[in-house]
Amino acid sequence: MLEQPYSYQRRELHEPDWRRFPGWSGVTEQEWASPQWQRAHCVKNIRQLRQVLGDGLGEAFCADLERDQRERATMSMLIPPQMVNTMVPGLAPSSAGFTEALYADPVRRYMIPVFSDRRTDWPSHPEASRDSLHEAEMWAVEGLTHRYPTKVLAEVLPTCPQYCGHCTRMDLVGNPTPVVAKHKFGLARDDRLGAMLDYLQATPGVRDVVVSGGDVANLPWPRLEDFVSKLMEIDSIRDIRLATKALMGLPQYWLSDEVRAGMERLATTARRRDVSIAIHTHVNAAQSLTPAVARAAKAMLDTGIRDVRNQGVLMRGVNDSPAQLLDLSFALLDEARIMPYYFYLCDMIPNSEHWRLTLGEAQQLQHKIMGYLPGFATPRIICDVPYVGKRWVHQVSRYDTVRGISYWTKNYRTGVETNDELALDREYSYYDPIYRLPAEGRDWWRSRAAQEIPAAVGAAH
Ligand code: SF4
């Protein structure tokens, strides 16, 4: 009998031993379980990374990282110990081959990007931009993106407990880097959140609020509970989704007594009012899913909220094979009761070309993961098309594979097109990474760059 392309095998979760790192060799279970200890011991720079990993970390790696931070990084470094511990989980830094394993590690590849990871030919696509989804253009009030008719995104704060190298909100989130100054909110936080609530109260067509940032785990719990409670007082709001990668990066926070008790209060009110509260998290690699993460997800479900769902990002070298996506999805579903929901193509932010997949590759991946998971838990692979919104990768209307330009249409007006009669007839474009194109396509982009032809290429934006 021939083998199946993917063979399912249930794998027990495993918390790697943090004591293999010289800097944490004396850290107790109790310290590790403390969210305060985790936050206080985040790795924020190369010196701290060296202190934790010790002499086993190669000098060449540090120089590679230093150059990236100086010349390419769009996000500053911030990695909770919980996440560091999932990198190269089976090897101590003193073991032979540790630095090579660190270079190859999927979590390292997006949390600690180094210069040699990036493309030197086209580090950025010519159409890449900060705020590549144009969220700020669609702010109804500061921080509240009204892109879809019935849904809004509330960016309640610009920080997270962890900073991911590929962050789509690199425009706003995190500390400035040598290459990116960050946008600053103009309004004070409470005024901003108040303005959001006023807008939603006055806009009954909106029924669904994604409470995001940043990461809601960085908003003091009483402030978050107050905001979500007030959302539930608005009659038209039926769905509330709390976005937190920290469920994986800092599960200790979601396991704390304060947060569990607070979420239980919110879930009780939500049930009474027939509102659904869900947590949306962001796990990209199966090795990130440890017993602590599973406990945090289950603790949240036990409070009575509707669901915990995962929205990962597809990245080359991180999760670009069907086996990696299926291993991750099965681990989420079977071991943590987290619903595999979406995988996004990495957005077109500066210096992200080495991570990005072509639309054709994403379509292949979608095809290859079909039929193994239950239908309700088979993640959809999504292209977030600028000025359009989320589209399943097979919904493309035209695709020029030579130049790597896909064309998309939409069926609603975003916040910037309320009076645009042609918005629904127009095509909007998305771009594959140039280095993956055939020679003819690469030549076309080179000559276009040389001539500085305007960006139109048959598309409106
Ligand atoms: S957790 Fe989300 S918002 Fe925060 S840096 Fe990562 S991708 Fe960006």
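Up top is the structure.
Residues numbered from 1 in each chain as written. Predicted model: local features only at pLDDT ≥ 70, side-chain atom pairs only at ≥ 80, totals over all residues. Heavy atoms only, no water.

A. Structural view of the site of the ligand. The environment of the ligand is made up of Met75, Cys160, Gln162, Tyr163, Cys164, Cys167, Gly214, Lys245 and His282. Among the residues making up the shell around the ligand, the classes are represented as five nonpolar, three polar and one charged. (Near = heavy atom within 4 Å. Nonpolar A, V, L, I, M, F, W, Y, C, P; charged D, E, K, R; others polar.)

B. The arrangement of the pairing of strand S8 (residues 339-345) in detail. Of all the seven residues making up S8, six are buried; the element is thus mostly covered by neighbouring parts of the structure. Pairing of strand S7 (residues 307-314) with S8, which is carried by six bridges, proceeds in the parallel orientation. Among the inter-strand pairings, Val313 is bridged to a residue of S8, identified as Tyr344. Between the parallel pair S7 and S8, the chain is carried across by helix H14 (residues 322-336), and the sense of this crossover is right-handed. Handedness of the crossover joining S8 and strand S9 (residues 380-385) through helix H15 (residues 359-369): right-handed. (Buried < 20%, exposed > 50% of the residue type's maximum accessible area, 1.4 Å probe, protein only. Helix = DSSP H or I, 4+ residues; strand = E, 2+ residues; numbered from the N terminus. Pairing = 2+ DSSP bridges. Right-handed = clockwise from strand over helix to strand, strands pointing away.)

C. Spotlight on the nonpolar core. Ranked by internal contacts, the top residues of the largest apolar core, which has 127 residues, are Trp24, Val211, Ile240 and Trp254. Among the elements that line this core, the one with the most residues is H14, at eight residues. Core analysis: the second largest hydrophobic core is formed by 10 residues, Cys42, Cys160, Met170 and Val180 among them. (Core = buried A, V, L, I, M, F, W, Y, C linked by side-chain atoms within 4.5 Å.)

D. Structural view of the environment of His367. Residue placement: His367 occurs in helix H15. Assessed through its relative accessible area of 56%, His367 is described here as exposed. For His367 and Pro322, which are 45 residues apart along the polypeptide, the C-alpha to C-alpha distance reads 9.1 Å.

E. Summary view of the environment of Lys245. Along the chain, Lys245 falls in the loop between strand S5 (239-243) and helix H10 (246-249). Take Lys245: its relative accessible area is 7%, and that puts it in the buried class. There is a polar contact of 3.1 Å between the side chain of Lys245 and the side chain of Tyr110. (Polar contact = N/O pair within 3.5 Å; in protein donor to acceptor, adjacent residues only side chain to side chain.)

F. Structural context of the packing of aromatic side chains. Summed over the entire model, instances satisfying the criterion amount to 17 aromatic pairs. On the basis of an interplanar angle of 70° and a centroid distance of 5.7 Å, the ring pair of Trp24 and Trp32 is categorised as edge-to-face. The residues Trp24 and Trp32 share a single accessibility class, namely buried. Ring centres 5.1 Å apart and planes at 85° place the aromatic pair Tyr253 and Trp254 in the edge-to-face group. On the basis of relative accessible area, Trp254 is assigned to the buried category, the value being 0%. Chaining the aromatic ring pairs together yields one cluster made of Trp18, Phe21, Trp24, Trp32 and Trp37. (Phe/Tyr/Trp six-rings, centres within 6.5 Å; stacked < 30°, edge-to-face > 60°.)

G. Spotlight on the sheet that holds strand S1 (residues 139-141). A sheet is described by the order of its strands in space; here 10 strands give the open sequence S1-S2-S3-S4-S5-S6-S7-S8-S9-S10, paired in mixed fashion. At either margin of the open sheet sits one strand with a lone partner, and together these are S1 and strand S10 (389-392). Pairing geometry for S9 and S10, over four bridges, is antiparallel. Each bridged residue has a counterpart across the sheet, and for Val385 the counterpart in S10 is Gly389.

H. The arrangement of the pattern of salt bridges in detail. This model, assessed by the stated rule, comprises 34 salt bridges. Notably, a salt bridge pairs Asp327 with Arg11, separated by 3.2 Å at the nearest N-O pair. On the criterion of sequence distance, the pair formed by Asp327 in helix H14 and Arg11 in the segment before helix H1 (29-32) is long-range, its members being 316 residues apart. Overall, Arg11 belongs to the partly exposed group, its relative accessible area being 42%. Here Glu29 and Arg19 are joined by a salt bridge, their closest N and O atoms 3.9 Å apart. Taken together, the residues Glu29 in helix H1 and Arg19 in the segment before H1 connect sequence positions 10 residues apart. (Salt bridge = Lys/Arg side-chain N within 4 Å of Asp/Glu carboxyl O.)

I. Structural view of unusual backbone geometry. Across the junction of Gly213 and Gly214, the peptide omega takes the value 10°, indicating a cis bond. One non-glycine residue, Asp274, adopts positive backbone phi at about 60°. Inspection of the secondary structure puts Asp274 in the loop between helix H12 (257-273) and strand S6 (276-281). A relative accessible area of 60% means that Asp274 is categorised as exposed. Of note in the backbone geometry, Tyr387 takes a positive phi value of approximately 70° without being a glycine. Within the secondary structure layout, Tyr387 lies in the loop between S9 and S10.

J. Structural view of the side chain of Ser406. Tracing the backbone shows Ser406 in strand S12 (residues 405-408). Ser406 sits in the buried class, given a relative accessible area of 0%. Separated by 2.9 Å, the side chains of Ser406 and Trp408 make a polar contact. With residues near it in sequence (within four places) discarded, Ser406 still touches Leu359, Val396, Arg398, Tyr399, Tyr428, Ser429 and Tyr430. (Contact = heavy atoms within 4.5 Å.)

K. Representation of the sheet that holds strand S13 (residues 428-431) in the model. Taking strand neighbours across the sheet as the criterion, the three strands line up as S11-S12-S13 in an open arrangement whose pairing is antiparallel. Bordering the open sheet on either side are strand S11 (398-400) and S13, each of which pairs with just one other strand. Neighbour-to-neighbour, the strand axes of the sheet open up by a mean angle of 20°, direction not taken into account. Across three bridges, S11 lies against S12 in antiparallel orientation. Counted as the bridge partner of Arg398 is Tyr407 from S12. (Axes fitted to C-alpha atoms, helices over the stretch in contact; angles between N-to-C directions.)

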